Amino acid sequence: MKILFIGDGQLGQMLGASATSHGHECLLFSTRTYTVKPLSAQLDLSLTLTQAIDWADVVSWEHEDIPADIVAAARTKFLMDPERIQRLTDRREEKSLFDECGVATSPWQQFSQTTELEQLLTQAQQPLVIKSARGGYDGKGQWRYTMASDPHQLAQQAGQAPGIVEQLIPFQREVSLVGARSKDGSICCYPLVTNVHEKGILSYTLAGMDFVTDELQQQAETSFRKLTDALHYVGVLAIEFFVVGEGADAQLLVNEIAPRVHNSGHWTMTGANSSQFDLHIRALTGMPLPLLRLEPTLMLNVIGAEQIPDALWHHPDTACFWYNKEPRPGRKVGHVNIATESRATALTWVAQWASQLQVLAD
Ligand code: ATP
Ligand code: MG
């Protein structure tokens with residue numbers, strides 16, 4: 001098949017690599033330069049967007065924030081309603097979807113003006129997180145309200161209306177579920193993984209070495225089923241959760257969803273027989289979803305660093321991925337997958353390497 005991906009960042013490149021390894025052809029469309037690019041070359045092809053869409057059997061995306069003109073032009077080549085997906089880039093729509101599907105999420109309210117936000121903060125009985133409705137990623141566009149904050153001052157500072165306020169959740173840990181849904185409704189999910197964030201950005205993911213109860217996995221897959229059925233979704237989708245409560249009382253609260261491949265699924269590039277990118281290609285092209293075989297893996301993000309040290313490129317337990325992006329503090333420029341047999345070993349790797357691999361923005 002011929003696949004056109006909207007977006008030529010690292011996710012687009014990794015999707016493209018998987019597409020070609022499954023015997024498909026692919027092109028990427030850069031939403032920054034508005035040009036069509038081949039896979040793996042910073043070269044603009046002399047094809048218009050319309051020509052690329054005509055060429056493609058199917059159009060998919062690396063990021064759901066697809067410009068409206070592209071949605072309109074590619075309408076017949078998407079496998080689901082792109083406007084429904086695009087609307088999820090607004091946190092109000094996203095939270096409404098959770099409520100409609102009966103999927104537990106932190107209690108929230110929306111505001112459309114700074115004065116409304118100030119009013120919500122004045123009435124607050126507990127700490128809150130303020131999130132702008134659009135454009136937030138890697139912790140950007142978020143502010144914390146504590147009982148010591150001045151509602152007026154914070155509303156002015158955070159007043160990127162519209163937005164939402166939600167309860168600050170005292171979670172035990174953060175986990176995510178990455179899975180795929182086919183057109184016929186069958187689904188295939190990886191086990192829940194644990195994600196650790198620094199300054200709002202994913203620092204590392206622990207896969208297959210954390211104790212995930214059947215109960216929690218079941219809860220997560222039920223949410224996945226409800227949300228993807230509601231969206232008539234085809235492809236890979238990730239759900240970020242907070243775990244609240246301990247042991248048998250542990251519950252999941254959905255934080256947000258990403259209707260696409262996700263950073264917390266990068267461990268599957270070496271830790272699974274079929275990566276999240278492979279799953280997406282299979283779902284897009286109507287191939288059956290696989291039975292999964294998994295290896296415990298640590299995924300350590302490379303953020304803002306100039307390079308990945310040679311010692312990691314040479315180590316037998318590691319696989320390094322460099323995105324060929326200009327490093328700057330807080331920007332994801334690569335990741336390292338490390339085969340580890342235990343959580344303790346994984347945390348030793350993190351302690352040894354995170355400070356060299358991660359330069360975070362202030
Ligand atoms: P991403 O890059 O994953 O899309 P994001 O910037 O869009 O992230 P969130 O995932 O909503 O935004 O928030 C980033 C991080 O901030 C979360 O992973 C979590 O650590 C923290 N956080 C967000 N909302 C809450 C909340 N309600 N309670 C506690 N912590 C929160
Ligand atoms: Mg997030």
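So, how was this worked out
Per chain, residues are indexed from 1 in the order of the written sequence. Chain A is the first chain written and ligand 1 is the first ligand written, with later ones labelled in order. Two thresholds apply to this predicted model, a pLDDT of at least 70 for residue-level local features and 80 or more for giving and counting side-chain atom pairs, whereas whole-chain, interface and lining totals are computed over all residues. The basis for every side-chain value is the complete set of heavy atoms in the structure, and neither hydrogens nor water enter the calculation. Two strands qualify as a pair provided DSSP detects at least 2 bridges between them. Labels follow the DSSP assignment, with helices taken as runs of H or I lasting at least four residues and strands as runs of E lasting at least two, numbered in each case from the N terminus. For helices, the fitted line uses only the C-alpha atoms of the stretch in contact; every axis is such a line through C-alpha atoms, and the angle between N-to-C directions lies from 0 to 180 degrees. Two residues qualify as a contact provided that any one of their heavy atoms is within 4.5 Å of a heavy atom in the partner residue. When a carboxyl oxygen of Asp or Glu is within 4 Å of a side-chain nitrogen of Lys or Arg, the pair counts as a salt bridge. Accessible area is worked out with a 1.4 Å probe on protein chains only. A residue is then buried under 20% of its type maximum, exposed over 50%, and partly exposed in between. Water is not among the atoms examined, so metal sites may look incomplete; donors are the N, O and S atoms within 2.8 Å of the metal, or within 3.2 Å for Na, K and Ca. Irregular is the label for any site that misses the other tests, which are tetrahedral for four donors with all angles between 85 and 135 degrees, and square planar for four donors or octahedral for six when opposite donors exceed 155 degrees and the remaining angles lie between 65 and 115. Think of a polar contact as two N or O atoms within 3.5 Å of one another; within protein, one of them needs to be a possible hydrogen donor and the other a possible acceptor, and neighboring residues in sequence only count if both atoms come from side chains. Near, as used in this document, describes a residue that has one of its heavy atoms within 4 Å of the molecule or strand being considered. Per-residue accessibility takes into account occlusion by the displayed protein chains alone, with areas from the Shrake-Rupley method and a 1.4 Å probe. For this scheme, ten residues count as nonpolar: Ala, Val, Leu, Ile, Met, Phe, Trp, Tyr, Cys and Pro. Four count as charged, namely Asp, Glu, Lys and Arg, and the remainder, Gly too, count as polar. The rule for a disulfide is simple: a pair of cysteine sulfur atoms within 2.5 Å.

K.L.:
Just checking my understanding: could you explain the sheet that holds strand S7 (residues 142-145) for this structure?
P.N.:
Across a sheet, paired strands are connected by hydrogen bonds in the backbone, their directions being either parallel or antiparallel. Taken together, the four strands give an open sheet; going across it, the order is S5-S8-S6-S7, and neighbouring strands pair in antiparallel fashion. Edge positions in the sheet fall to strand S5 (108-111) and S7, since each has one partner strand and no second. Direction aside, neighbouring strands of the sheet carry axes that sit 20° apart on average. Bridge count between S5 and strand S8 (residues 163-167): four bridges; the pairing is antiparallel. Residue pairing for S8: Gln-109 is matched across the bridge by Val-165. The sheet contacts of helix H6 (residues 114-123) involve S5, strand S6 (128-132), S7 and S8, and relative to S5 the element is tilted by about 150°.

K.L.:
Honestly, the pattern of salt bridges in this entry has me stumped. Any pointers?
P.N.:
Here the idea is simple: oppositely charged side chains can pair when their charged atoms come close. All chains considered together, the criterion is met by 14 salt bridges. Residue Glu-100 is joined to Arg-84 by a salt bridge in which the shortest nitrogen-to-oxygen separation is 3.8 Å. Residue Glu-100 is located in helix H5 (residues 91-101), and its partner Arg-84 is located in helix H4 (residues 82-87); the two are separated by 16 residues in the primary sequence. The exposure class assigned to Arg-84 is buried, which follows from its relative accessible area of 18%.

K.L.:
In this structure, what is going on with the coordination of the magnesium ion (ligand 2)? I would like to understand it.
P.N.:
Each donor-metal-donor angle would ideally measure 109.5 degrees in four-coordinate tetrahedral geometry, or 90 or 180 degrees in six-coordinate octahedral geometry. Each protein donor to the magnesium ion (ligand 2) is listed here as Glu-240 (OE), Glu-240 (OE) and Glu-256 (OE); together their distances run 2.0 to 2.8 Å. Between the six donor atoms coordinating the magnesium ion (ligand 2), the angles at the centre fall across 50 to 177°, so the site counts as irregular. Residue Glu-240 is located in strand S13 (residues 235-244), and its partner Glu-256 is located in strand S14 (residues 251-258); the two are separated by 16 residues in the primary sequence. For Glu-240, a relative accessible area of 14% corresponds to the buried category.

K.L.:
Even after reading the chapter, I still don't get the side chain of Thr-35, so can you show me in this structure?
P.N.:
Mapped onto the elements of the fold, Thr-35 is located in strand S3 (residues 35-37). By relative accessible area, Thr-35 is classed as buried at 18%. At 2.6 Å, the side chain of Thr-35 forms a polar contact with the side chain of Thr-33. Sequence-distant contacts of Thr-35, that is, excluding residues within four places in its chain, are made with Leu-28, Phe-29, Ser-30 and Asp-44.

K.L.:
Could you clarify how one ought to interpret helix H10 (residues 276-285) in this entry?
P.N.:
Two residues of an α-helix separated by three or four positions point the same way, owing to the 3.6 residues in each turn. Where burial is concerned, most of H10 is hidden: 10 out of the 10 residues are buried. Turning to H10, its buried residues are Gln-276, Phe-277, Asp-278, Leu-279, His-280, Ile-281, Arg-282, Ala-283, Leu-284 and Thr-285. A positive backbone phi angle near 75° is found at Gly-286, which sits one or two residues after H10.

K.L.:
How should the site of ligand 1 be read in this particular structure?
P.N.:
Near ligand 1, the surroundings consist of 21 residues, among which Lys-131, Asp-138, Gly-139, Glu-174 and Glu-256 are the closest. One nitrogen or oxygen atom from the side chain of Glu-256 is found 2.8 Å from an oxygen atom belonging to ligand 1. Here ligand 1 has 610 Å² of accessible area as a free molecule, and 91% of this is covered by the chains. Partitioned by chemical class, the residues of the shell around ligand 1 number six nonpolar, six polar and nine charged.

K.L.:
For this particular structure, what's the right way to read the state of the cysteines?
P.N.:
Covalently bonding the sulfur atom of one cysteine to the sulfur atom of another cysteine gives a disulfide. Summed over all chains, the structure comprises zero disulfides. Cysteine Cys-188 shares no disulfide, and the gap to the nearest cysteine sulfur, in Cys-189, comes to 6.8 Å. Cys-188 gets classed as buried once you look at its relative accessible area, which sits at 8%.

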